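A closer look at the structure
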Amino acid sequence: RRQLLSGAVVIVMCAGYSGKRFIYERAKKLGVRLVMVDGPDSWSQTLLDDGVIEKYVPLDMSNPPAVYQEALKIVREVDKEVGGIDGICTFYEIAVPLVARLTEALGLPGNPSKAIECATA
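These numbers come from a predicted model, not from an experiment.

About the criteria used
Residues numbered from 1 in each chain as written. Predicted model: local features only at pLDDT ≥ 70, side-chain atom pairs only at ≥ 80, totals over all residues. Heavy atoms only, no water. Helix = DSSP H or I, 4+ residues; strand = E, 2+ residues; numbered from the N terminus. Buried < 20%, exposed > 50% of the residue type's maximum accessible area, 1.4 Å probe, protein only. Pairing = 2+ DSSP bridges. Axes fitted to C-alpha atoms, helices over the stretch in contact; angles between N-to-C directions. Contact = heavy atoms within 4.5 Å.

**Let's talk about the environment of Glu77**
With respect to the helices and strands, the residue Glu77 is situated in helix H4 (residues 64–82). What makes Glu77 partly exposed here is its relative accessible area of 43%. Each C-alpha atom of the pair Glu77 and Pro97 lies 21 Å from the other, and the pair is 20 residues apart in sequence.

As structure tokens, then:
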């Protein structure tokens, strides 16, 4: 299983709190190429400076209705830039519905957005 991770490109939507840093450090050690998409003032920008992630893309989350379209645009741009992404994930509960919609739109493995809607209703 570790061989599957080595070289995989994974976009992380919303890093969560800084105590989750160990997750990203471990993924880096396993060879995962991480791209972080998070708010413009997120602590996770430091992961780029420290060489833990390959790219940091700020996403303005102050306008909830526009977040999905902007996130989809970012993910598609990253996909073209890196030659294909292998997955999108989050370790921040509030971003789970967004990740579900994005994985469905791109045909990537993930939780069905309808199941997430039912679980959060």
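Let us keep going from here.
**Here's the deal with the sheet that holds strand E2 (residues 33–38)**
Hydrogen bonds between backbone groups are what pair the strands of a sheet, and the pairing can be parallel or antiparallel. Taken in spatial order, the 4 strands make up an open sheet running E3-E2-E1-E4, and their pairing is parallel. With partners counted over all chains shown, the strands left at the sheet margins are strand E3 (55–58) and strand E4 (87–89), one partner each. For this sheet, the mean angle separating the axes of adjacent strands, direction not counted, is 20°. With 5 bridges joining them, strand E1 (residues 9–13) and E2 adopt parallel strand pairing. From the neighbouring strand, Ile11 faces E2, where its bridge partner is Val35. On the sheet, H4 packs against E1, E2, E3 and E4 and is oriented at approximately 155° with respect to E3.

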